[in-house]
Amino acid sequence: MPPYNRLLKRFRNIPLRRILVVPFLLQTGLALGVTLYILKAQHDAVKDISTELRKEVGKSVQQNLLEYLDKPYQVNQMNAAAIQNGEIDVMKPAQLEQHFWHQLQHFKTVTTLAFATPQKDFVAAERQRNGSLTVRASSPATGYELRAYNTDSRGNRLKVINVGKNFNPLRRPWYTIANRTRKPSWSRIYPYFKRKTLYLSAGHPVYTPQGQLQGVLLANLDLFQLSQFLRSLNSGKSGQCFILNRSGFLIASSTPDKLFQIQTKPTLLTEDKVQLQQAVSSSNKVTQATTRYLTAQLGDLKSIQRIHYLEFDIDGKQQLLQVLPLKDDRGIDWLVVVVVPAEN
């Protein structure tokens, strides 16, 4: 029997219904395969776009932060040059006080500008939370009391609003590190109990042509204002950004995270009652969960030396996480964390 007759005989034994179903199944399988391929391609494309957007957000946050942190150094460099060129006489504290007061009008992110001499003379201008400017001074004439004055619209003293006893600027972190390193440096973060906040200070030593220390310039950043700056940056519709030091303490946050805690136990100095807050103990669920996930995935925070892109869930909702080191050549060594819900 010819081969085609045998093949035809086999097809006669197959029900027509099955013959009709086979092309339908093949067509359906092909359509499903094409659909899955398209969905995967779309998912990959969305993931690529998401990664690029996260890179752009992280790059923007990093760049803006470095520019923000550079402002205290800019104003200190200007003042150091003015002193060395003879434009400002540090032996005339009233002139220096007025100079600082007017500078704060232009450097809106700086909280305090000051100068301290090795003889403990101190003069400063400071921005208050309500935006008003005050001046402060301590010298032999005040018995080394630190007297704060409110000012008029031209920076002239009005009346004493606060007095601090036995003020010694030479013991302040910003003075000691600048004096020791002999170069512009960041201080450690230290508390300001009166305003219940934390300060980061840039100290800049000034020397005579003979190499003798004339004094140390100070430009302060209030970490409360640094948090406000983070809020001004765009981290997504409901994303957030926070900064950690390498020990896991909060430096700043775009949310109303509590950055410090007030100790109830007695301390040697009143200002030591204000202490940094551990991020894993934050009252903010996202901050707490993100920090715990970071340490679980990457280990010791000190080991993070490059940008990481991660994904994790909080209450069943996917979060896109980015952590990037923030360093400068003056002592800053932080981690910037940006976390955004995937649905954004």
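Everything that follows concerns the structure shown earlier in this document.
All values reported here derive from a predicted model rather than from experimental measurement.

A.B. asks: Hey, could you run me through helix α6 (residues 285-298) in this one?
C.D. replies: It helps to recall that an α-helix has 3.6 residues per turn; residues three or four apart then point in one direction. Along its 14 residues, α6 runs 20 Å from first to last C-alpha, staying within 8% of the 20 Å computed at 1.5 Å per residue. What α6 keeps buried is the set T287, T290, T291, Y293 and L294. Considered in projection along α6, the buried side chains sweep an arc of 165° and stay on one side of the axis. In α6, those exposed residues whose orientation departs by more than 90 degrees from the buried face are K285 and A296. The opening residue of α6 is N284, an N-cap whose side-chain oxygen sits 3.0 Å from the backbone nitrogen of V286.

A.B. asks: What's the story with the nonpolar core in this structure? I'm lost.
C.D. replies: Across soluble globular proteins, nonpolar side chains have a tendency to be buried as a group. L65, L69, L226, I243, W334 and V336 are the most contacted members of the largest nonpolar core, which totals 47 residues. The leading source of residues in this core is strand β16 (residues 333-341), at seven residues. When sequence neighbours within four positions are dropped, the list of residues in contact with I243 reads L65, L226, L230, F249, L250, I251, A252, W334, L335 and V336.

A.B. asks: Looking at this structure, how should I read the pattern of salt bridges?
C.D. replies: Two side chains with opposite charge may pair up if their charged atoms get near one another. All chains considered together, the criterion is met by nine salt bridges. The residue K285 makes a salt bridge to D315 at a minimum N-O spacing of 2.9 Å. Placement of K285 in helix α6 and of D315 in the loop between β14 (308-314) and β15 (317-327) is noted, with a sequence separation of 30 residues between them. Taken individually, K285 and D315 each receive the classification exposed, so the pair is uniform in this respect. Several salt bridges converge on common partners, so that one network encompasses D70, D329 and R330.

A.B. asks: Looking at this model, I keep getting lost on the pairing of strand β9 (residues 213-222). Mind explaining?
C.D. replies: Each regular strand shows side chains that alternate between the opposite faces of the sheet. For β9, the tally of buried residues reaches nine of ten residues, placing the bulk of the element in the interior. Relative to β9, strand β8 (residues 197-207) is paired through nine bridges, and the arrangement is antiparallel. Its bridge partner lying in β9, A202 is registered against A219. Counting the residues between successive antiparallel strands, the hairpin from β8 to β9 contains five residues, one of them, G211, with a positive phi of roughly 90°.

A.B. asks: Which parts of the structure should I look at to understand the sheet that holds β14?
C.D. replies: Pairing between sheet strands relies on hydrogen bonds along the backbone, with the strands arranged either parallel or antiparallel. Strand order in the open sheet formed by five strands is β11-β10-β16-β15-β14, and the pairing between neighbours is antiparallel. One side of each edge strand has no neighbouring strand; the edge strands of this open sheet are β11 (250-253) and β14. Each strand axis lies, on average, 25° off the axis of its neighbour in the sheet, ignoring direction. Two elements, β15 and β16, share nine bridges in a ladder whose sense is antiparallel. Considered in β16, the bridge of V323 is made with V337. Seen against the sheet, helix α5 (residues 223-232) touches β10 (240-245), β11 and β16 and runs at an angle of roughly 45° to β11. Across the sheet, α6 lies against β10, β11, β14, β15 and β16, angled at about 125° from β14, the strand it touches most.

A.B. asks: What am I meant to see in the environment of D152 here?
C.D. replies: With respect to the helices and strands, the residue D152 is situated in the loop between β4 (146-151) and β5 (157-164). When the C-alpha positions of D152 and L133 are compared, they lie 8.8 Å apart, and in sequence the two are 19 residues distant. When neighbours within four sequence positions are excluded, D152 is seen to be in contact with W101 and L158. Of the polar contacts made by the side chain of D152, one reaches the backbone nitrogen of R154; its length is 2.8 Å. A polar atom in the side chain of D152 sits 3.0 Å from the backbone nitrogen of G155.

Rules of the game
- Residues numbered from 1 in each chain as written.
- Predicted model: local features only at pLDDT ≥ 70, side-chain atom pairs only at ≥ 80, totals over all residues.
- Heavy atoms only, no water.
- Helix = DSSP H or I, 4+ residues; strand = E, 2+ residues; numbered from the N terminus.
- Expected span 1.5 Å × (residues − 1).
- Buried < 20%, exposed > 50% of the residue type's maximum accessible area, 1.4 Å probe, protein only.
- Arc of directions from axis to C-beta.
- Polar contact = N/O pair within 3.5 Å; in protein donor to acceptor, adjacent residues only side chain to side chain.
- Core = buried A, V, L, I, M, F, W, Y, C linked by side-chain atoms within 4.5 Å.
- Contact = heavy atoms within 4.5 Å.
- Salt bridge = Lys/Arg side-chain N within 4 Å of Asp/Glu carboxyl O.
- Pairing = 2+ DSSP bridges.
- Axes fitted to C-alpha atoms, helices over the stretch in contact; angles between N-to-C directions.

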